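Structural characterization, general
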Amino acid sequence: MAIANMPTKAVIEDAGDISHTLALAFDDDPMMRWFFPEDASREATLGRYFSTIFTRQYLLNGVCERTDAAAAFWVPAEAQEKAVPDADTIQELIGILGDRAGLFKEAVETAAEHTPREPHWSLALIGAAPAAQGKGQGAALLRSGLAQADAAGQAVYLESSKAANIPVYEHFGFTVREEFALPGGGPVLWGMWRDPR
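Residues numbered from 1 in each chain as written. Predicted model: local features only at pLDDT ≥ 70, side-chain atom pairs only at ≥ 80, totals over all residues. Heavy atoms only, no water.

**Details of the side chain of Ser160**
Structurally, the position occupied by Ser160 is in strand E5 (residues 155-160). Engagement of the side chain of Ser160 in a polar contact is seen with the backbone oxygen of Lys162, the distance being 3.2 Å. When neighbours within four sequence positions are excluded, Ser160 is seen to be in contact with Asn165, Tyr169, Val188, Leu189 and Trp190. (Helix = DSSP H or I, 4+ residues; strand = E, 2+ residues; numbered from the N terminus. Polar contact = N/O pair within 3.5 Å; in protein donor to acceptor, adjacent residues only side chain to side chain. Contact = heavy atoms within 4.5 Å.)

**Digging into the environment of Ala72**
Locating Ala72 in the fold gives a position in strand E3 (residues 70-75). Between the C-alpha atom of Ala72 and that of Gly47, which follows or precedes it by 25 residues, the distance is 15 Å.

**Considering helix H1 (residues 15-25)**
Along H1, the positions that sit buried rather than exposed are Ala15, Ile18, Ser19, Thr21, Leu22, Ala23 and Ala25. Where H1 is buried, its residues contact helix H3 (39-61), strand E2 (63-66), E3 and strand E4 (120-128). (Buried < 20%, exposed > 50% of the residue type's maximum accessible area, 1.4 Å probe, protein only.)

**Let's talk about the pattern of salt bridges**
Applying the stated criterion across every chain yields a total of 12 salt bridges. A salt bridge links Asp28 to Lys162, with the nearest nitrogen and oxygen atoms 2.9 Å apart. Linking Asp28 in the loop between H1 and helix H2 (30-35) with Lys162 in the loop between E5 and helix H7 (166-171), this pair joins segments that are 134 residues apart in sequence. In this structure, the salt-bridge partner of Asp39 is Arg42, at a minimum N-O distance of 2.7 Å. Of the two residues, Asp39 and Arg42 are both situated in helix H3; the distance of 3 residues between them amounts to about one turn of the helix. Overall, Arg42 belongs to the buried group, its relative accessible area being 2%. Through salt bridges that share partners, Asp27, Arg33, Asp39 and Arg42 make up one connected network. (Salt bridge = Lys/Arg side-chain N within 4 Å of Asp/Glu carboxyl O.)

As structure tokens, this is what we get:
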């Protein structure tokens, strides 16, 4: 595996690179376009959003890994209760989301209602910059996180709002468990599950 594709543990100093990479990766994501509809400001706003959730939420209570141009945030089963935004983080996210904050809150609550109750790891997000897509960086991050979940004997759950990603996740052993629409005219999410191996 090329060095560029080798997953490494993400650290706070990676926040700038990771947030930029994820802003590029999620520019065409239906859910992110719904939350951040302004084309002119989307990249900068997404960068602030990803920097906030990385530094204030997932880095503290999750498993964050990166390659040269991709990143993934996982939440182990035992950290699910802790890996939620605190009051200060919520205020920061409201500032970033502006008039979309209410839709975001409803979306988070709806997704939480559909989250499986049995113990599992969550793949909170994974993305590769467009120039790196199809070059194995995302796949390397998926393999790394899935291996850790398997070692813990845990299933993995994710939600995707991009239909084109479903076959990719199926290739890694996920199956669609449920399909649901976000309120307020939001996009469809596919809840996907993978049993431990």
